[in-house]
Amino acid sequence: MTTTEQLYVSKHPLVKHKLTLLRDKTIDHRTFRELVRELTLLLTYEATMDVATKAHQVETPMGTATGVEVEETIGLVPVMRAGMGMVDGIMELLPSVQVWHIGLYRDEETLRPVEYYNKLPDEATVQICMVLDPMLATGGSAIATINILKKWGAIRIKYIGLLAAPEGVKALSEAHPDVPIHIAELDEHLNDIGFIVPGLGDAGDRMYGT
Ligand code: PRP
């Protein structure tokens, strides 16, 4: 991983390989979803390096082994729609996570996020929230989601995405300096309609064939 204070860009060869396949405009929706699932699994492995554990003993066929179990409760917060494609990969790795959906879309004129779905319970129910959204463009959607989670009472929040523009990383870092940003690649820039370049297009559309 390339590490700045808050930004973690994966350096893993499998991540780079799969991301390159994902960018290819000729792949079909099914392949796109499968690659998103695999990339999320790999990024989650890197993003959970600091999760707290406690000692846990098990009986093996040969004796007693002292190992560990994950101590912290983890919640996934996929940002609809595109973030939903990242949930399955993580649930393979962490089957007992809670999943709380947040619905936001980006107004095409203003590029500002508009909230349309939020069923969070009254109080925070997990110790770590992982916000899932493949694309960090202007950063508006990620900032709005994290604002919602902090108001809810979430304390430890991590952002997991696939691609980010420098503009989005800057905005998110300034708004939420305590939130680590885990991505597969930092791209060049945003174009004049707010798309990441070279990017991969609209992740939600490519995932769901719209
Ligand atoms: C895309 C993407 C992010 C957001 C990023 O979603 O999945 O949620 O835009 O842009 P931002 O950083 O400038 O806020 P979109 O609004 O296209 O909705 P969708 O996932 O339903 O396609």
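Counting restarts for each chain, with residues numbered from 1 along the sequence as it is written. The model is predicted, so local features are restricted to residues of pLDDT at least 70 and side-chain atom pairs to those at 80 or more, both for listing and for counting; the totals for chains, interfaces and linings are taken over all residues. Side-chain calculation: all heavy atoms of the structure are included, whereas hydrogens and water are not.

**Quick look at the overall build of the protein**
Runs of E in the DSSP output that reach at least two residues are strands. Runs of H or I that reach at least four are helices, and both are numbered from the N terminus. Looking only at helices and strands, the protein features 6 helices and 16 strands. Here the C-alpha radius of gyration of the protein, 17 Å, is about what a compact globule of 210 residues would show, namely 17 Å. A 1.4 Å probe rolled over the protein chains alone gives each residue an accessible area, and that area as a share of the maximum for its type sets the label: buried under 20%, exposed over 50%, partly exposed in between. In the protein, which comprises 210 residues, the proportion classed as buried is 45%. Contact definition: two residues touch when any of their heavy atoms are within 4.5 Å. Within the protein, residue pairs in contact and separated by at least 24 positions form 62% of the contacts whose partners lie at least 6 positions apart. Accessible area for the protein stands at about 10,900 Å²; split by element, carbon and sulfur atoms hold 54% of it. Counting rule applied: Lys, Arg positive; Asp, Glu negative; His and chain ends not counted. Where a charge sits is defined by one atom per residue type, namely NZ (Lys), CZ (Arg), CG (Asp) or CD (Glu). In the protein, the 19 positive side-chain charges and the 29 negative ones have mean positions that sit 2 Å from each other. Each radius of gyration reported is based on C-alpha atoms, and the globular scaling rule is 2.2 Å times the count of residues to the power 0.38. Computed with the Shrake-Rupley method and a 1.4 Å probe, the accessible areas treat only the protein chains shown as cover for residues.

**Let's talk about a nonpolar patch on the surface**
For patch detection, residues must exceed 30% relative accessible area and be free of salt bridges, and they are connected within 9 Å for like charges or within 5 Å for nonpolar side chains (Val, Leu, Ile, Met, Phe, Trp, Tyr). What counts as a salt bridge is simple: a side-chain nitrogen of Lys or Arg found within 4 Å of a carboxyl oxygen of Asp or Glu. There is a patch of nonpolar side chains on the surface, built from Y105, Y116 and Y117 and spanning about 310 Å² of accessible area. Checked against the element boundaries, Y105 lands in strand β7 (residues 102–106). Under the relative-accessibility criterion, Y105 is labelled partly exposed at 43%.

**Quick word on the site of the ligand**
Any residue with a non-hydrogen atom lying within 4 Å of a molecule or strand is treated as near it. Near the ligand there are 15 residues, and of these R106, D133, T138, G139 and S141 occur at the shortest range. Residues adjacent in sequence count toward polar contacts only when both atoms are side-chain atoms; beyond that, a polar contact is any pair of N or O atoms within 3.5 Å, and within protein one must be able to donate a hydrogen and the other to accept it. At 3.1 Å, a backbone N or O of A82 approaches an oxygen atom of the ligand. Between the ligand and S141, the relevant distance is 2.6 Å, taken from an oxygen atom to a side-chain nitrogen or oxygen of the residue. Across the complex, the protein chains shield 90% of the 500 Å² of accessible surface that the ligand would expose by itself. When contributions to the shell around the ligand are tallied by element, the ones reaching two or more residues are β7, β10 (135–136) and α4 (140–152). The residue makeup of the shell around the ligand, split by class, is 6 nonpolar, 5 polar and 4 charged. Residues are grouped as follows: Ala, Val, Leu, Ile, Met, Phe, Trp, Tyr, Cys and Pro are nonpolar; Asp, Glu, Lys and Arg are charged; every other residue, Gly included, is polar.

**Here's the deal with the nonpolar core**
Taken as a class, soluble globular proteins show a tendency for nonpolar side chains to be buried jointly. By size, the foremost hydrophobic cluster in this structure holds 34 residues, and its most contacted members are L22, I74, L76, M130 and L132. Contributions of two or more residues to this core are made by α1 (13–23), α2 (29–47), β5 (74–80), α3 (87–93), β9 (128–132) and α6 (203–208). For this core, the element with the most residues is α2, which contributes 7 residues. Non-local contacts of L132, meaning those with residues more than four positions away in its chain, are made with L76, V77, P78, V79, G83, M86, V87, I90 and I160. V79, A142, I143 and L149 belong to the second-largest nonpolar core, a separate cluster that totals 27 residues. Residues belong to a common nonpolar core when they are buried Ala, Val, Leu, Ile, Met, Phe, Trp, Tyr or Cys residues joined through side-chain atoms within 4.5 Å.

**Observations regarding α1**
Those residues of α1 not exposed but buried are V15, K18, L19 and L22. Angular distribution of buried residues about the axis of α1 spans 105 degrees; they occupy a single face of the element. Those residues of α1 that are exposed and angled more than 90 degrees off the buried face are P13 and T20. In the core, the buried residues of α1 are packed alongside α2, β12 (163–164), β14 (185–186) and α6. The reported arc concerns the directions from the helix axis to the C-beta atoms and nothing else.

**Here's the deal with the packing of aromatic side chains**
Put simply, two rings from Phe, Tyr or Trp (the six-membered ring, in Trp's case) pair if the centres are within 6.5 Å, and we call them stacked under 30 degrees between planes, edge-to-face over 60, tilted for the rest. Under the counting rule described, the total for this entry stands at 2 aromatic pairs. Relative to W152, the ring of W100 lies with its centre 6.4 Å away and its plane at 65 degrees, an arrangement referred to as edge-to-face. A residue pair is termed long-range when its members are at least 10 positions apart, and W100 in the loop between β6 (98–99) and β7 and W152 in helix α4 qualify at 52 residues. Between the aromatic rings of Y105 and Y116, the centroid separation amounts to 6.0 Å while the plane-to-plane angle is 40 degrees, which identifies the pairing as tilted. Separated by 11 residues along the polypeptide, Y105 in strand β7 and Y116 in strand β8 (residues 113–118) bring together distant segments of the chain.

Honestly, it's all geometry; don't read function into it.
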